[in-house]
Amino acid sequence: MTAAGRAVPGAGRLTPLAIGAVAASIALLFLAYPLASAVLGAFVRNGQPVAYANLTLANFERFLISASYQRALWHSLIAGAAATLLATTLSLPMAYALARVAMPLRATIMGLSVLPLISPPFIGAYAWIILLGNNGILNNLMRQWLGFGLPSIYGFPGVVLALALSYFPYVFLVLQGALAAVDTHIEEAATVAGASRWRVLRTVTLPMILPATAAGMLIVFIKAIGDFGVPSILGGEYQVLPTLIYYQIHGFFNLNAAAAIAMVNVGLTLLALAALGWINRRRAVATVTGTARSASRPVPPALRCVAIGYVWLVLVVANLPQVVTVLYSFSERWGDTLLPSVYGLENYRRIAGELAGPAFNSVVLAGAATLVCLVFGAVTAQAVARGRIVGRWAVDLVIMVPFVLPGLVIGVAYLVAFNEGPLVLTGTATILVLAYFTRRVAFVYRSANAAILQLDHRLEEASSICGASWATTMRRITLPLIAPALLAGGILVFATLIGEISVTVLLYSAKWKTLTIAIYEYLLGNDIAKASALGTVTIILTLALVAGASRLAGRNMADMFR
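So, here's what we can say about the structure. (Residues numbered from 1 in each chain as written. Predicted model: local features only at pLDDT ≥ 70, side-chain atom pairs only at ≥ 80, totals over all residues. Heavy atoms only, no water.)

Okay, the overall build of the chain next. A tally of regular secondary structure across the chain gives 25 helices and two strands. Counting every position in the chain, which comprises 562 residues, the buried fraction comes to 53%. When the accessible surface of the chain is totalled, it reaches about 24,300 Å², and 67% of it is carbon and sulfur. (Helix = DSSP H or I, 4+ residues; strand = E, 2+ residues; numbered from the N terminus. Buried < 20%, exposed > 50% of the residue type's maximum accessible area, 1.4 Å probe, protein only. Areas by Shrake-Rupley, 256 points an atom, 1.4 Å probe, with all protein chains shown as cover.)

Set out below in structure tokens:
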């Protein structure tokens, strides 16, 4: 090797180390610092500076003395648990049927199963009011045909139903993957030994997928207790922790009380994450042969029809809110009939003049956040994957924790951190971009990290030996090879940010109102037609983006959310 050849790698090590240091600094400033500020702010009374002398548990004592706080905590736990149980009850038979029964249109079923995740849950929540509200379509039809209607959709029943149907795909996808990994030789051996189908299911299959079931349930529980949109639309007086946070800020602008509530929500989330981590360490499925295979088993025709009917029934019910939203967007007259009596484009013409501002804001904010995520995620993933950054586990933790925390928690953290002090960002587009970046950078980071780990490091070493700088190697070698994964992660970030409301509802200003805020305002103003038209635009845009990401990544849409 020449002297020049030896000098380049040595000098080149300084660049990735410097970039790694910059990435770590950004992670500390915009990811760790807001969360730390929220934690400290929770221990200070409203209006007081953070200081040792001002530390107090007064904000947390409200959970012991305030009935509204206690109800919100209890409601969050009960609604989250009930939604998780309902989601699991729906998902388990569906996943088993898809894994063990020869079923037509499997790819279509998997694609439709993720649509509830793509559509913003609060849009679907209002669709249930259209269907099952006091004057809802289905309720009116039931009164006409059967002489009685269903109980009120508002409160606990509606919140649980909407949350379960919005998040059940997380359980379904995990279970379907676990069942596909189970070696069916074990089930066949039990059958040959004389066990009935039910006994095989109870004593062999269910114990093997129990860790995966628990993991999926915990994911749904975390999502459910952190959801703001559904309880704010359907909850009525049934207040939960996210809506309590919202009212503390918008009603009293008490950031410290909101931070304390957020920390309680974080505590519940971290407990669930700890349980999830414990379960994941035990999720491996041992098989007799050391391999796993998924296979459909012969079942009686009647049972096969029941399985296919059940799967499609769940899909239809889960996607009914999206269908209703699209139908309502084209309806110009819809009374108590099952379908609209007059269709047209009037609702879209009504929002055309009002769409430009929120649509522009959503695209600009989501686009800027996606760009930041792409740059930061790619560089940090490369530094972490190639061992060029100190404390890699800490960077990984700082990136992943905000991803799993409820959106309102991130919103509170940014308000506490950047509402005063040396860096004031409240009311600007910057605070939204940075909060979006905090919430979604994990998508790009994980995609880039996985892609880089699959590359042969000798390609990069050969580039350095030939005299290329780190930046040239990154631009000419690494980025082209990981581009599909990087673009897929970026599109997924952009798509999910278009429907983001939990962070936005706390941080937006009148100048930076987004599509989701416009929809939310229409819903609160009972202008369902405009909300449905705007919601349809959002759903179609998000679906198209996710489909594009799945094509770039070479994976189906269901795999994008596993």
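Following the structure, the description resumes.
Right, let's talk about the environment of Gly267 for a bit. As for its placement among the helices and strands, Gly267 is situated in helix H14 (residues 255–280). Among the residues examined, Gly267 registers a relative accessible area of 29% and is labelled partly exposed. When the C-alpha atoms of Gly267 and Leu405 are compared, they prove to be 10.0 Å apart, with 138 residues separating the residues in sequence.

Its 25 residues give helix H19 (residues 429–453) an end-to-end C-alpha distance of 35 Å, which sits within 8% of 36 Å, the value for a rise of 1.5 Å per residue. For H19, the principal kink sits at Arg440 and spans about 50°. For H19, the tally of buried residues reaches 20 of 25 residues, placing the bulk of the element in the interior. Sitting at the head of H19, Thr428 places a side-chain oxygen 3.4 Å from the backbone nitrogen of Thr430. (Expected span 1.5 Å × (residues − 1). Bend = angle between axes of the 7 residues up to and from the residue. Polar contact = N/O pair within 3.5 Å; in protein donor to acceptor, adjacent residues only side chain to side chain.)

By the secondary structure assignment, Ser76 is in helix H4 (residues 67–100). Note on Ser76: relative accessible area 3%, which makes it buried.

Moving on to the pattern of salt bridges. Between side chains of opposite charge, a pair can form when the charged atoms approach closely. Within the structure shown, the criterion is met by five salt bridges. In this structure, Glu521 engages Lys513 in a salt bridge whose closest nitrogen and oxygen atoms are separated by 3.1 Å. Exposure remark for Glu521: the relative accessible area of 36% places this residue in the partly exposed category. Looking at Lys513, the relative accessible area reads 26%, which means it is partly exposed. Taken together, the salt bridges that share partners define one network made up of Arg439, Arg440 and Glu500. (Salt bridge = Lys/Arg side-chain N within 4 Å of Asp/Glu carboxyl O.)

A separate point is the packing of helix H18 (residues 407–418) against H19. Where H18 contacts H19, the two axes come as close as 10 Å, and the packing angle between them is 135°. Here H18 is positioned oblique relative to H19, judged by the angle of their axes. In terms of crossing hand, the pair formed by H18 and H19 is right-handed. Residue-level contacts link Gly407, Ile410, Tyr414 and Phe418 of H18 to Ile431, Leu434, Ala435, Thr438 and Arg439 of H19. Its residues assigned to classes, the contact of H18 with H19 comprises six nonpolar, two polar and one charged. (Axes fitted to C-alpha atoms, helices over the stretch in contact; angles between N-to-C directions. Parallel < 35°, antiparallel > 145°, perpendicular 65-115°, else oblique. Left-handed = near helix turned anticlockwise from the far one by under 90°. Contact = heavy atoms within 4.5 Å. Nonpolar A, V, L, I, M, F, W, Y, C, P; charged D, E, K, R; others polar.)

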